[in-house]
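Listed below, chain by chain, are the residues.
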Amino acid sequence: MDLAGAVAALLDGRFDDLFGLEESVWLDAKGGIYELDNPAKAEELVKDVAAFANTATGGLLVVGIGTRVEHGQEILAHLKPVPRGRVDLDRHRKLIRERITPPPRGVEVDWIPVDDESGVLLIHVPAQLPGRLPHLVAAPTRGAQGHPDSVAVPVREGDGTVWLPRTEVQRLLAAGWTATGGPSHEVLAEIAAQAASAAVQQKASAVVPIAPGEGMPSAQRRWAAAYEALGGEKVLGTADGRIYAEGPGLVQHFAGTGTGRGWVLCELSGRPVVAVPEGVWEAMRLEGSGALGGDSFAALGFPDPGAVEAGAAPALVDGAAGEVRLINGSWGPGRLVRRGDGAAWQWEPQLQFSSESTRAGRNWTSQVAAPQLRLRVIATLPWADARTFEVEQVERRKLLGGLGASQLSQYLGVLAMHHGSDFWMPKWDVGQLPGCRNSYSYAAVLTGADGRTALSGEVFLALPNSADSSVVTCAEVKVGERDAWDQLVRADGQPGSEPKERLTLEDLYEFTVAALEMATEELPGSLSTGASQRRWSGVPTAEIRLTAEYPHDHSGPRRPVADFIDFSAFGAPAGREFTEMAVTVVAPPVLQGETRRAVARQALVRMGRDFGFLDADESAF
């Protein structure tokens, strides 16, 4: 088991999965809590977290699992749950944020309950960006709080945490000094002046609280006004630290009041300040932690304040709401949602359509015996821990057994009947890809008397490989040439039944609905990890692609898609017709039935307009 697998097991409450693991460079188990009122224990917490931040892999601290010793090695052995009332998650987060320089990004501090009164504390430290290393802490002081400018570098050595020797610290400093030419005398003088000023400010800070916006003069007046408008100290409490830049904007943490959780103020450039409950903020950090580089807020963005003017009244996010809209992230507009009290927050993209093709759009299309028309939906699902997934044999068999009753299978039967055959009950069998732990495919084929394919359906799933870090799924239907349908009709004994020249727009719509469900819900359901435990590392997409094809050894021109699908309900096309048409959908993969049908209609209208049917609208369906 690796780090991602251990984190997933703990979040799922599968403690037994960790028993037997050795403590290592990425795993440390503790049977007792960090007594944070004891300065030495608080120092131990930040040392342990910083040490994992300084590794290439990151690491996992588990408080509440006991160990046994075998041959000098600590082995995780049994549950030793700790009392919930003695674990202050916010205080752990605050110490990590304030006492490690730079603060490690994406650290998850979570509570996994064992019963109503006890559980396990999980501290997951993801791998950090190389440019932010090393992470420093105040030098050890044997219990007393040391001077914050006297620093040390904790590192993991085997299954333990040690201090980087002074000679190594000096060597790293010397290497950087040499590489940059070292600071000038003027810069050194400025650093000394800043240190003296910081010492004065530190002495004053014992009696003067940190002000809203402090640390960024251009924002201080604006933030002070927003702080007061939001209720000031009575609602937000006092500032936990100075303002800093994170992701797409500015951030400052506040302690909250009484026994309630803290608050985070954040601001996008040119927009009002937003107050976010710390629990929602930490959920955002967790949901975006799979992003490239681990920068959650650069990926997800910040809560949408609604107003577009910087001088507008500040906004406050309702922590009890079921939805928080997010904007200005690299993943595009999205939202945090939770379905029911106590449910975990999850990130979802906002529905969008694009004419950009996905990398996987043409996967599995290299057969020499190409169809006359290929309809496909291919989904790219970039889950953060996708490389730990496996195709479960039991789930794969269950999927195969259920394909005959799927919406895609019913669509194939109805399509066959509409085009001249008796109603067809597709029989599914192994397709192009051999079944293994990393991929599979299943196909159903309807052939004419001469053995040529008149109609077929196929589904695919492939786990990440060296070229692609996403799970890729596909559901497609292939329509054979007209004379193959003629053979099929005669073989069925229906000489009077003529196959349709073209598929209708309604045929295309019903395919899209059925294939979206198959590619984004049914096929991912065969994986070893439930959808509710998955976090994204990017934006999920589903590409709807229509292709008019000929065998790859055919030398003549390809016919346009409109020769095989009747788009007349979309009006007359403007300009040339195309041999391929596609649209990419960004949407939550799991959709309710009517929502999925609405998305299918909107996607086909967008595709029609992108490819010359400028009068296309949903009234065509």
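A brief report on the enclosed structure follows. (Residues numbered from 1 in each chain as written. Predicted model: local features only at pLDDT ≥ 70, side-chain atom pairs only at ≥ 80, totals over all residues. Heavy atoms only, no water.)

### Comments concerning the sheet that holds strand S12 (residues 244–246)
The strands that make up a sheet pair up through hydrogen bonds in the backbone, lying either parallel or antiparallel. The line we're drawing: What makes two strands pair is DSSP finding at least two bridges between them. For helices the rule is a DSSP run of H or I covering at least 4 residues; for strands it is a run of E covering at least 2, with both sets numbered from the N terminus onward. A contact between two residues is defined here by any heavy atoms of the two lying within 4.5 Å. Where helices are involved, their axes are fitted lines through C-alpha atoms of the stretch in contact, as for all axes, and angles between N-to-C directions lie from 0 to 180°.
Ordered in space as S12-S13-S14-S15-S17, the five strands form an open sheet in which the pairing is mixed. Two strands close off the open sheet at either side, each with one partner strand: S12 and strand S17 (315–316). By the bridge criterion, three bridges tie S12 to strand S13 (residues 249–254) in an arrangement that is antiparallel. Residue pairing in the sheet places Ala-245 in a bridge with Leu-250 of S13. Lying on the sheet, helix H6 (residues 217–229) is in contact with S13 and strand S14 (263–268); it crosses S13 at an angle near 50°.

### A short note on empty space enclosed by the protein
Counted only if it meets this: Cavity and pocket criteria rest on a 1 Å grid covering protein atoms alone: a 1.4 Å probe that fits but cannot get out defines a cavity, protein on both sides within 12 Å along at least 5 of 7 lines defines an open pocket, and an atom within 4 Å of a point defines a lining residue. Grid points are joined across faces, edges and corners, and a volume is the space filled by probe spheres set on the points. Note that Gly is not counted as nonpolar here; it falls among the polar residues with everything else outside the nonpolar set of Ala, Val, Leu, Ile, Met, Phe, Trp, Tyr, Cys and Pro and the charged set of Asp, Glu, Lys and Arg.
A full pass over the atoms with the stated rule returns three cavities of 30 Å³ or more. Those elements giving two or more residues to the lining of the largest cavity turn out to be helix H13 (505–522), strand S27 (541–548), strand S28 (580–586) and helix H14 (593–610). Considering only residue class, the lining of the largest cavity consists of eleven nonpolar, two polar and one charged. Here the second largest cavity defines a volume of roughly 50 Å³.

### Some points on the environment of Met-425
Residue placement: Met-425 occurs in the loop between helix H11 (407–418) and strand S23 (429–430). Sequence separation of Met-425 and Gly-413 is twelve residues, and the distance between their C-alpha atoms is 5.9 Å.

### Considering the sheet that holds strand S18 (residues 323–328)
Taken in spatial order, the four strands line up as S16-S18-S19-S20 in an open sheet, and their pairing is antiparallel. A strand with exactly one partner marks an edge of an open sheet, and here the two such strands are strand S16 (301–303) and strand S20 (346–349). Strand after strand, the sheet turns through a mean of 35° between neighbouring axes, direction not considered.

### Examining the packing of H13 against H14
This is how it is decided: We call two directions roughly parallel when the angle between them is under 35 degrees, roughly antiparallel when it is over 145, roughly perpendicular when it lies between 65 and 115, and oblique otherwise. Left-handed describes a crossing whose near helix is turned anticlockwise from the far helix through less than a right angle; right-handed describes the clockwise counterpart.
Where H13 meets H14, the axes come as close as 9 Å, and the angle between the chain directions of the two elements is 120°. Judged by the angle between their axes, H13 and H14 are oblique. Two packed elements cross with a definite hand, and for H13 against H14 that hand is right-handed. Residue-level contacts link Leu-508, Tyr-509, Glu-510, Thr-512, Val-513, Leu-516, Glu-517 and Glu-521 of H13 to Arg-596, Arg-597, Ala-600, Arg-601 and Leu-604 of H14. Here the contact of H13 with H14 is composed, by residue class, of six nonpolar, one polar and six charged.

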